[in-house]
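So the chains spell out like this:
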Amino acid sequence: MHSVPVAGIRQLLVSGGSTMAAAEVARQMSEGARNLSLSGHVGFDSMPDQLVNKSVCQGFCFNILCVGETGLGKSTLMDTLFNTRFEGDPAAHNQPGVHIKSNNYELQESNVRLKLSIVNSVGFGDQINKEESYKSIVEFIDAQFEAYLQEELKIKRTLHNYHDSRIHVCLYFIAPTGHSLKSLDLVTMKKLDSKVNIIPIIAKADSISKNELQKFKIKIMSELVSNGVQIYQFPTDDETVAEINGTMNAHLPFAVVGSTEEIKIGNKMMKARQYPWGTVQVENESHCDFVKLREMLIRVNMEDLREQTHTRHYELYRRCKLEEMGFKDTDPDNKPFSLQETYEAKRNEFLGELQKKEEEMRQMFVMRVKEKESELKEAEKELHDKFDRLKKLHQDEKKKLEDKKKSLDDEINAFKQRKTAAELLQSQAQQSGSQQTLKREKERKNNPWLCTE
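Colleague: Got a minute to help me understand a nonpolar patch on the surface in this structure?
Modeller: Together, Leu38, Val42, Phe44, Met47 and Leu51 give the surface a local cluster of nonpolar side chains, amounting to about 540 Å² of exposed area. Residue position: Leu51 is located in helix H3 (residues 47-58).

Colleague: Sorry, what's going on with the packing of aromatic side chains here?
Modeller: When we look at a pair of aromatic rings, we describe it by the centre distance and by the angle of the planes. This model, assessed by the stated rule, comprises 10 aromatic pairs. Centroid distance Phe234 to Phe254: 6.1 Å. Interplanar angle 20°. Geometry classified as stacked. Highlighted residues: Phe234 in the loop between helix H7 (210-226) and helix H8 (239-249) and Phe254 in strand S6 (residues 254-255), separated in sequence by 20 residues. An identical accessibility class is assigned to Phe234 and Phe254; each is buried. Each ring, one from Tyr275 and one from Trp277, has its centre 4.8 Å from the other, and the planes form 5°; the classification is stacked. Counting every residue linked through ring pairs, the aromatic cluster contains Phe145, Tyr148, Tyr162, Tyr314 and Tyr317.

Colleague: Would you mind showing me how to read the nonpolar core here?
Modeller: Nonpolar side chains in soluble globular proteins tend to be buried together. Ranked by internal contacts, the top residues of the largest apolar core, which has 73 residues, are Leu171, Ile199 and Phe254. If we ignore the near neighbours within four places in the chain, the residues touching Leu171 are Ile64, Leu65, Cys66, Val67, Met78, Leu81, Ile199, Ile201, Leu293 and Leu297.

Colleague: I'm lost on a negative patch on the surface in this one. Help?
Modeller: A grouping of Asp237, Asp238, Glu239 and Glu307 is seen on the molecular surface, where their side chains present a negatively charged patch. Turning to its location among the elements, Glu239 is positioned in helix H8.

Colleague: How do you make sense of the pairing of strand S7 (residues 262-265) when you look at a structure like this?
Modeller: Looking along a regular strand, one sees the side chains alternate between the two faces of the sheet. As paired strands, S7 and strand S8 (residues 268-275) are joined by four bridges and run antiparallel to one another. Bridging from a neighbouring strand, Ile263 pairs with Met270 of S8.

Colleague: Help me out: how do you make sense of the sheet that holds strand S9 (residues 278-281) in this one?
Modeller: Within a sheet, neighbouring strands are paired by backbone hydrogen bonds and run either parallel or antiparallel to one another. The antiparallel open sheet is built from three strands, whose spatial order is S7-S8-S9. Edge positions in the sheet fall to S7 and S9, since each has one partner strand and no second. Averaged over all neighbouring strand pairs, the angle between strand axes comes to 65°, with direction disregarded.

Colleague: Would you mind showing me how to read the pattern of salt bridges here?
Modeller: Oppositely charged side chains can pair when the atoms bearing their charge come close. If you walk through the whole model with that rule in mind, you get 17 salt bridges. With its nearest N and O atoms 3.1 Å apart, the salt bridge here joins Lys154 to Glu151. The shortest N-O distance in the salt bridge between Glu285 and Lys292 comes to 3.2 Å. With relative accessibility at 10%, the residue Lys292 sits in the buried group. Because the salt bridges share partners, they merge into one network encompassing Lys217, Glu285, Asp289 and Lys292.

Colleague: I keep staring at helix H5 (residues 135-153) and nothing clicks. Help me out?
Modeller: Residues that lie three or four places apart on an α-helix share one face, since the helix turns once every 3.6 residues. A rise of 1.5 Å per residue sets the reference length of H5, with its 19 residues, at 27 Å; its end C-alpha atoms lie 26 Å apart and thus fit the reference within 8%. Burial in H5 covers these residues: Ser136, Ile137, Val138, Phe140, Ile141, Asp142, Gln144, Phe145, Tyr148, Leu149, Glu151 and Glu152. On the buried face of H5, the contacting elements are strand S1 (60-67), strand S2 (99-109), strand S3 (112-122), helix H6 (183-192) and helix H10 (302-324).

Colleague: Explanation requested: the packing of helix H4 (residues 74-81) against helix H9 (residues 290-300) in the structure shown.
Modeller: Axis angle and axis distance: for two packed helices, these are the angle between their axes and the distance between the axes, and together they describe the pair. At a closest axis distance of 11 Å, the pairing of H4 and H9 adopts a crossing angle of 70°. On the basis of their axis angle, the class for H4 and H9 is roughly perpendicular. Seen from above, H4 lies across H9 with right-handed handedness. Facing Leu77, Thr80 and Leu81 of H4, the residues of H9 in contact are Phe290, Leu293, Arg294, Leu297 and Ile298. Split by residue class, the contact of H4 with H9 holds six nonpolar, one polar and one charged.

Colleague: Got a minute to help me understand the sheet that holds S2 in this structure?
Modeller: Pairing is mixed across the open sheet formed by six strands, whose spatial order is S2-S3-S1-S4-S5-S6. Bordering the open sheet on either side are S2 and S6, each of which pairs with just one other strand. Of the pairings in the sheet, the one linking S1 to S3 comprises seven bridges and is parallel in character. If you follow Cys66 over to S3, its bridge partner there is Asn120. Each of S1, strand S4 (169-174) and strand S5 (198-202) is contacted by H6, which is oriented at about 170° to S4, the strand it contacts most.

Colleague: Please explain the side chain of Asn63 as it appears in this structure.
Modeller: Within the element layout of this structure, Asn63 appears in strand S1. Within the local environment of Asn63, its side chain forms a polar contact with the side chain of Ser117, the two groups lying 3.2 Å apart. At a separation of 2.9 Å, a polar atom in the side chain of Asn63 contacts the main-chain carbonyl oxygen of Asp164.

Colleague: Would you mind going over the packing of H8 against H9 with me for this structure?
Modeller: Between H8 and H9, the shortest axis-to-axis distance is 11 Å and the interhelical angle comes to 140°. Considering their axes alone, H8 and H9 lie oblique with respect to each other. Crossing handedness for the pair H8 and H9: left-handed. Packed against H8, whose contacting residues are Val241, Ile244, Asn245 and Met248, the element H9 presents Lys292, Met296 and Val300 at the interface. A breakdown of the residues in the contact of H8 with H9 according to their chemical character gives five nonpolar, one polar and one charged.

Colleague: Hey, could you run me through the confidence of the model for the protein in this one?
Modeller: Note: predicted coordinates in regions of low pLDDT should not be interpreted at a detailed level. Taken as a whole, the protein shows an average pLDDT of 85; of its residues, 88% reach a score of 70 or greater. Within the model, the stretch residues 1-23 combines pLDDT values under 50 with 17 contacts to residues more than four positions away or in other chains.

Colleague: What am I meant to see in unusual backbone geometry here?
Modeller: What is expected of a backbone is that most residues other than glycine have negative phi and most peptide bonds are trans. Between Leu252 and Pro253 the backbone carries a cis peptide bond, its omega angle lying at -5°. Structurally, Pro253 is set in the loop between H8 and S6. With a phi close to 60°, Ser110 is a non-glycine residue in the positive phi region. Position of Ser110 among the secondary structure elements: in the loop between S2 and S3.

Here is what the cut-offs are and how they apply
Residues numbered from 1 in each chain as written. Predicted model: local features only at pLDDT ≥ 70, side-chain atom pairs only at ≥ 80, totals over all residues. Heavy atoms only, no water. Patch = residues over 30% accessible without salt bridge, like charges linked within 9 Å, V, L, I, M, F, W, Y side chains within 5 Å. Areas by Shrake-Rupley, 256 points an atom, 1.4 Å probe, with all protein chains shown as cover. Salt bridge = Lys/Arg side-chain N within 4 Å of Asp/Glu carboxyl O. Helix = DSSP H or I, 4+ residues; strand = E, 2+ residues; numbered from the N terminus. Phe/Tyr/Trp six-rings, centres within 6.5 Å; stacked < 30°, edge-to-face > 60°. Buried < 20%, exposed > 50% of the residue type's maximum accessible area, 1.4 Å probe, protein only. Core = buried A, V, L, I, M, F, W, Y, C linked by side-chain atoms within 4.5 Å. Contact = heavy atoms within 4.5 Å. Lys, Arg positive; Asp, Glu negative; His and termini not counted. Charge placed at Lys NZ, Arg CZ, Asp CG, Glu CD. Pairing = 2+ DSSP bridges. Axes fitted to C-alpha atoms, helices over the stretch in contact; angles between N-to-C directions. Expected span 1.5 Å × (residues − 1). Parallel < 35°, antiparallel > 145°, perpendicular 65-115°, else oblique. Left-handed = near helix turned anticlockwise from the far one by under 90°. Nonpolar A, V, L, I, M, F, W, Y, C, P; charged D, E, K, R; others polar. Polar contact = N/O pair within 3.5 Å; in protein donor to acceptor, adjacent residues only side chain to side chain. pLDDT = per-residue confidence, 0-100.

And the structure:
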């Protein structure tokens, strides 16, 4: 056993010892704890009762994700599981894509309150192209993890009354084909197995015979194992439930039948489905595995599903997210990494990247300006060349017009000269004609014997 003097601890704290040294002291103190016997009753044995009372007062939450093709009876099974009728309209088969629909309910049994969320993948498997059918489901699960992580990272947290919307279990409904799993089922479950507890169930199991059903179960489990799909295994580490959980693990996937219709069988009213050839009793274990599913999901392992969601799936998401943000537990020397150092390192890294991006943007801006200047200069040169061509063309056209004008002026002057000459000749001709007329008149007067025709 290690012994750490109280004076040494006080000295360390007063002198402002490092975080690592304080952690080492705490570790030594923990390892050096002594076992003592009590001489009388103290009362801390009531802690479990206190925890139970506190949990009962606060209530519990449980979130179920139902994934499966439209028409496999997801809503009916939920109504049968919780012995109630949840409101909701049946989904059509003409959905353009897969979208998530979440409904929240508050149930009470005895003095225990349960906040239940039923999340349905509407339109799953209805499209011709099913390649991205799983994406909206994965995004929804991650969004719930992100919301919880953001609440955890707040300075002022309210986790005690925070509505935990993380998915605790995924009931994956498999169509009762009796042959093998569809590619869509394998791909979707492979994408979801690291994010949520998957319990595969064969829906509408009364549509195939018992022999076919047993072969179908074996075929499903074989395909899941060969494709590396990790489904939820009921825990066997607790002695109180190890036997029943170990037995139930061998019955996976559960073949279930759901019904809210009650039929009188003998002297009892029982949930069943009535067919022309007989009656399928929902709660009869020789007819289907509904009772097994209810026992494992609600009555035995509900708290383990909640715990696995937090300690496994959420922690994996949280670790990946914090590592992406640059947070680490230890430095390269395997020493504890403080939050302040991580923040400073990430801040410096961010500032370095920011400066690098600013420099890249500045260089890009300068390059773009130079390219633009070159383009403008080229455009200016083209404009000058075009202007010179137009100017020369204008001068040529102007010269042609001046030459044509000069030619027209010469023609006009020549025409005027010809006109003047013609007018002069005409005037002279008129004068000559007048003189001859006067001469004949004069000759007639002088010689009256002359006769004219």
